[in-house]
Amino acid sequence: DLNDADEFTILCRAMEKMGMSRDLQWSIWTILAAILHLLDMTFSADANDKAQIANSAPFDTACDLLKVDAKLLAPCFLVKSKTKILTTLCSVAEAEMLRDSFCKALYVGVFDHIVAIVNKAVAPTVNVANARYIGILDIFGFENFKVNSFEQLCINFANESLQNHYNKYTFVNDEAECRAEGIEFPPVVFPDNTECLAMFDQAKTGVFALLDEACYFRGATHETFTENVWQQWTGKSAHFIRPKSSKPDAFGVRHYASDVTYNTPEWLEKNSDPLKEEAKSVLGANKLPNGEAQAFVGNLLENADCQPSDGQARKRTSVSSRFRQQLAALRGELESTETHFVRCIKPNMEAKPGLLDNGHVSSQLESAGVLQTIAVKRQGFPARRELAPFARFFHSIAPRDAIKRMLAANDYAAASRLILDLYVRVFGWTAPHYAVGRTKVFMKSHIWGALERTLLRRNRMRMRRVVPLLSAWARRFRAKKEEQARKAREAAVQQQRSQVDIGADKFAWFEELCRVFPRMDPTIVYDVVGHMPTKQGAARALSEMRAAQFDQHVPANMRLLLERAHVAPEAVKKLIEAGVDNLEKLYGLNDAKMTEIGLSDSHRKHITEVIVQQSSLAVRNSCLLASGTGELPEVSDAQLKKLAEAEEQARTVRDRVHQLAALLGCDPGLAARALRAANGNDSLAASMIMDGTVPAAGGSSPPPANAAPANPSQPPTASVPVPSSRPPANRPPPPASRPRGPSQAGSAPPPPPPSHPPPPGGDVPSDWQASLNRLTNEMGFPRDAAIDALRRTGGDIRAATAHLLGA
């Protein structure tokens, strides 16, 4: 269903694109509304049978819309003529005629103005005087109603004229083309409506000429006009039909489509289309406030042909004269171009899809002359093709040797005759069936269809025969490509092995170093292991290569790392803008800093996981390269597992520091010192921060070995011993041997002794299982360490947590 509001919005947007301002659009709507109100105005006869306005409300509304004086506009409809001596008033019919003429003049002015604006908007900006163009003409539809008036006469005359152009272009030109090709054109009988057009358009005695003469003759009526038409054309034209009725108010015309009876009342008024000069002056003096709207409304009747107010007759252009002039110009334009015709058929009157009304469609086909055209076309040669394309197109259904010789000699006429003669004998067609001209082949439509179907069947048979061949070729081609790819891979592997050949002992180095340097290309690791004599030398070379690569491609490596962490490009841009342009700075990020940069929760989580993973790899590399003697010590899987567990524990402590700092709104360094002083007790650390009893940095409470550093933004370090020949760094005494300062007065008492002996082996009592799960799953402590802490504290989870944090 159509939505009027949406359609109106689309129309307004289209008018804006054509250069019509809002004020101009409003003026157009105003004029159209005024026309509708004027047409609602009615007249009544007074005592003297003269017209007067019966309902003044629509008239006053129209005058208000046009901003004109109602007292000045009313005489334009009620006064027929006025002189210094005599004023002649209009009858009701004459007043309605003047009102209708005024409305039509307004509408024509609006229409012409819109057409001018659209033509200006779409006009090309370059010189196109000699350019070719494509024009589209939407012609009138043939009309035949129960009552046909002057409008139907003009419309059907235009259709008759365009049908004459169609006949001339289609049939007459076809005959001329056949003569030019040197072939005998079959006799074709087509309807020639030249006499019908002459009956309308003939000078002095034509229907339009008689109508114009009646309009200029004072005292003429439609009866006298009809009698003149009867007298002039009865028995003189086969296209004229005189009705049986003796009342002179109608006549009939035998058009190319059907016979139409025209009713002549009011033809003189419609042809003269009187418009008072006073109406033109009144509209020009409108009082619209806007300058553009005032000029638009005032100039609507600028080109209108007005009737003098004194009632004296003068030479004026009639409606039929203007219509014939425009139609003649259109015919001249069409005859100067190459015309193509498209017949549009309306399937039904209900505008429903999938519904075809046979009677309605047949009536349109007959009215449009399509059926007559088909019948006429069948008499001649409707299918026409040039010789060379025709011979090449159908050469595959002709004898092979003969057609090849003719095509090689460029004898396309003989090749075309060979093809046509062959299938004329095959199908037994009766003459005349085809003709070969100088440049074209002329055929009946059924011959072209039969040849085309034969060619399609021939091509289908060829495809059936060639498909297996094509399939076999495709399989061979694919196998060949696969074999070439396999040989190329083998050659590459052979070349690589020939360049670097490693034994079984070095292959073990290769596997281990691939695990140590997972970001390095395995082929590079393979080459390094093959060229280096020792394992530690290969490790050092790979470490130097990675460092050099890191220094030279810092942004690329960092972006690669963040892409693996599934960080969006906009987040990477924010990190770079914040100065985090290398992996060292990335490892120093904490949750608060990442939030400040503007990273989302998912991005912070992914980056934190990557930082932990990369830190673990860094610890592992440091273990492998920390030997001071130049020998690369062996690192067992148990040591690597212990390193990962220590890294996870350090990350848990750092997260607790940030959570405590975020909860209390304090500095992360202060939270870290409080956790150290409270031996990892979150509640005690919070109390110390709120009471202000946290020891200063460098005080008597050094951090435990595994506690987070004072600056949580630094990357985590390993807290487990690594193989090294250097003496271990001096460590502060354990927390149990430190003196108890005043800041620890409120610390928790020592854990009570176990209430029962620790369980043997690795078994855990059932009442400890919940505490063990919380320590391992929620807090991230290693299982063995958590079991040992529970045994030492008799199953007290708080004491076990403090023990693990201070261990």
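Because the structure is predicted, anything quoted here is derived from the model rather than measured.

### Concerning the sheet that holds strand β7 (residues 259-263)
Thinking step 1. Reading across the sheet, the three strands line up as β5-β6-β7 and stay open at both edges, with antiparallel pairing between neighbours. Two strands in the sheet have a free side with no partner beyond their single neighbour: β5 (240-241) and β7.
Thinking step 2. Pairing analysis gives five bridges linking strand β6 (residues 250-254) to β7, with the strands arranged antiparallel. Following the sheet pairing, Gly 252 is matched in β7 by Thr 261.
Thinking step 3. Sitting on the sheet, helix α10 (residues 222-233) touches β5 and β6, and the angle it makes with β6 is about 40 degrees.

### Quick look at the sheet that holds strand β9 (residues 434-436)
Thinking step 1. With antiparallel pairing, the three strands of this open sheet are ordered in space as β8-β10-β9. Both edges of this open sheet fall to β8 (383-386) and β9, since each of them pairs with a single strand only. Along the sheet, successive strands turn relative to each other by an average axial angle of 15 degrees, direction set aside.
Thinking step 2. Bridge count between β8 and strand β10 (residues 440-443): four bridges; the pairing is antiparallel. If you follow Arg 384 over to β10, its bridge partner there is Phe 442.
Thinking step 3. Sheet strands touched by helix α7 (residues 150-181): β8 and β10. Its angle to β10, the strand with the most contacts, is close to 125 degrees.
Thinking step 4. Lying on the sheet, helix α19 (residues 412-427) is in contact with β9 and β10; it crosses β9 at an angle near 165 degrees.

### Quick word on a positive patch on the surface
Thinking step 1. On the surface, Arg 400, Lys 404, Arg 462 and Arg 465 cluster together to form a positively charged patch.
Thinking step 2. Of all elements in the fold, only α18 (400-408) and α20 (445-499) reach the threshold of two or more residues within the positive patch.
Thinking step 3. You can see Arg 465 is positioned in helix α20.

### Notes on the confidence of the model for the protein
Thinking step 1. Averaged over every residue, the pLDDT of the protein is 78; residues scoring 70 or more account for 78%.
Thinking step 2. Note that pLDDT drops below 50 for residues 550-554; the model gives that stretch six contacts with residues more than four away or on any other chain.
Thinking step 3. Predicted confidence for residues 626-633 stays below pLDDT 50, and this span has 18 contacts to residues more than four positions away or in other chains.

### Examining the pattern of salt bridges
Thinking step 1. Taken as a whole and assessed by the stated rule, the structure comprises 14 salt bridges.
Thinking step 2. A salt bridge links Asp 64 to Lys 67; the shortest N-O distance between them is 3.9 Å.
Thinking step 3. Residue Lys 67 is classed as partly exposed on the basis of its relative accessible area of 34%.
Thinking step 4. One salt bridge connects Asp 259 with Arg 254, and the closest N-O pair in it is separated by 3.7 Å.
Thinking step 5. Overall, Asp 259 belongs to the partly exposed group, its relative accessible area being 41%.
Thinking step 6. A relative accessible area of 37% places Arg 254 in the partly exposed class.
Thinking step 7. Salt bridges sharing partners connect three or more residues here, namely Glu 177, Arg 384 and Lys 440.

### What to know about a nonpolar patch on the surface
Thinking step 1. Nonpolar side chains collect at one region of the surface, where Tyr 107, Phe 111 and Val 115 lie side by side and expose about 310 Å² of accessible area between them.
Thinking step 2. Assignment of secondary structure puts Val 115 in helix α6 (residues 92-122).
Thinking step 3. Given the relative accessible area of 34%, Val 115 is considered partly exposed.

### A word on the nonpolar core
Thinking step 1. Judged by nonpolar contacts, the single largest core of 41 residues is most densely connected at Ile 31, Leu 73, Phe 77 and Phe 102.
Thinking step 2. Of all the secondary structure elements, the ones that give two or more residues to this core are α2 (22-40), α3 (56-66), α5 (75-78), α6, α12 (277-284) and α13 (291-298).
Thinking step 3. At eight residues, the largest contribution of residues to this core is made by α6.
Thinking step 4. Not counting chain neighbours up to four residues away, the residues in contact with Leu 73 comprise Phe 59, Cys 63, Val 68, Phe 102 and Val 282.
Thinking step 5. If you look at the next biggest cluster of nonpolar residues, it comprises 31 residues, including Val 207, Ala 220, Trp 267 and Leu 327.

### Observations regarding the packing of aromatic side chains
Thinking step 1. Enumeration according to the criterion identifies 21 aromatic pairs in this entry.
Thinking step 2. Relative to Trp 267, the ring of Phe 150 lies with its centre 5.9 Å away and its plane at 65 degrees, an arrangement referred to as edge-to-face. Of the two residues, Phe 150 sits in helix α7 while Trp 267 sits in helix α11 (residues 267-272), which places them 117 residues apart along the sequence.
Thinking step 3. Relative accessible area serves as the criterion here: at 0%, Trp 267 is assigned to the buried category.
Thinking step 4. Centroid distance Tyr 166 to Phe 341: 4.6 Å. Interplanar angle 90 degrees. Geometry classified as edge-to-face. With a gap of 175 residues between them, Tyr 166 in helix α7 and Phe 341 in the loop between α14 (319-335) and α15 (358-367) connect regions that are remote in the sequence.

### Focus: the packing of helix α30 (residues 668-677) against helix α31 (residues 682-691)
Thinking step 1. Close contact between α30 and α31 brings their axes to 8 Å; oriented N to C, the two are set at 125 degrees. Judged by the inter-axis angle, α30 sits oblique to α31. Handedness of the α30/α31 crossing: right-handed. Facing α30, whose interface residues are Leu 670, Ala 671, Ala 674, Leu 675 and Ala 677, α31 presents Asp 682, Ala 685, Met 688 and Ile 689.
Thinking step 2. In the contact of α30 with α31, the residues fall into eight nonpolar, no polar and one charged.

### Concerning the environment of Ala 304
Thinking step 1. With respect to the helices, strands and loops of the structure, Ala 304 is situated in the loop between α13 and α14.
Thinking step 2. Along the backbone, Ala 304 and Leu 275 are 29 residues apart, and their C-alpha atoms lie at a distance of 8.0 Å.
Thinking step 3. With residues up to four places along the chain from it excluded, the contact list for Ala 304 reads Leu 275 and Lys 280.

### Examining the environment of Val 580
Thinking step 1. Tracing the backbone through its elements, the reader meets Val 580 in the loop between α25 (569-577) and α26 (583-587).
Thinking step 2. Given the relative accessible area of 5%, Val 580 is considered buried.
Thinking step 3. In sequence terms Val 580 and Ile 597 are 17 residues apart; their C-alpha atoms lie 10.0 Å from each other.

### Quick word on α3
Thinking step 1. Residues of α3 that are buried: Pro 58, Phe 59, Ala 62, Cys 63 and Leu 66. Seen along its axis, α3 keeps its buried residues to an arc of 135 degrees; they face one direction.
Thinking step 2. Of the surrounding secondary structure, the elements contacted by the buried residues of α3 are α2, β2 (51-53), α4 (70-73), α5 and α12.

### Looking at unusual backbone geometry
Thinking step 1. The phi dihedral of Lys 204 falls on the positive side, at around 70 degrees, and the residue is not glycine.
Thinking step 2. Looking at the secondary structure, you find Lys 204 in the loop between α8 (194-201) and α9 (207-216).
Thinking step 3. Of note in this structure, Ala 351 is not a glycine but carries a positive phi near 55 degrees.
Thinking step 4. Summarising the element assignment, Ala 351 is placed in the loop between α14 and α15.
Thinking step 5. On the accessibility criterion, Ala 351 (69% relative accessible area) is exposed.

### A word on the environment of Ala 45
Thinking step 1. You can see Ala 45 is positioned in strand β1 (residues 43-45).
Thinking step 2. Given a relative accessible area of 40%, Ala 45 falls into the partly exposed group.
Thinking step 3. Distance from Ala 45 to Ser 91, taken between C-alpha atoms, is 7.3 Å for residues 46 residues apart in sequence.
Thinking step 4. With sequence-adjacent residues up to four places away left out, Ala 45 is seen in contact with Lys 50, Gln 52 and Val 92.

### Things to note about the pairing of β6
Thinking step 1. Within β6, four of the five residues are buried, leaving the element largely enclosed by the surrounding structure.
Thinking step 2. Strand direction decides the pairing type here: β5 and β6, joined by two bridges, are antiparallel. Bridge pairing links Ile 241 to Gly 252 in β6.

Cut-off values and rules
Residues numbered from 1 in each chain as written. Predicted model: local features only at pLDDT ≥ 70, side-chain atom pairs only at ≥ 80, totals over all residues. Heavy atoms only, no water. Pairing = 2+ DSSP bridges. Helix = DSSP H or I, 4+ residues; strand = E, 2+ residues; numbered from the N terminus. Contact = heavy atoms within 4.5 Å. Axes fitted to C-alpha atoms, helices over the stretch in contact; angles between N-to-C directions. Patch = residues over 30% accessible without salt bridge, like charges linked within 9 Å, V, L, I, M, F, W, Y side chains within 5 Å. Areas by Shrake-Rupley, 256 points an atom, 1.4 Å probe, with all protein chains shown as cover. Salt bridge = Lys/Arg side-chain N within 4 Å of Asp/Glu carboxyl O. Lys, Arg positive; Asp, Glu negative; His and termini not counted. Charge placed at Lys NZ, Arg CZ, Asp CG, Glu CD. pLDDT = per-residue confidence, 0-100. Buried < 20%, exposed > 50% of the residue type's maximum accessible area, 1.4 Å probe, protein only. Core = buried A, V, L, I, M, F, W, Y, C linked by side-chain atoms within 4.5 Å. Phe/Tyr/Trp six-rings, centres within 6.5 Å; stacked < 30°, edge-to-face > 60°. Parallel < 35°, antiparallel > 145°, perpendicular 65-115°, else oblique. Left-handed = near helix turned anticlockwise from the far one by under 90°. Nonpolar A, V, L, I, M, F, W, Y, C, P; charged D, E, K, R; others polar. Arc of directions from axis to C-beta.

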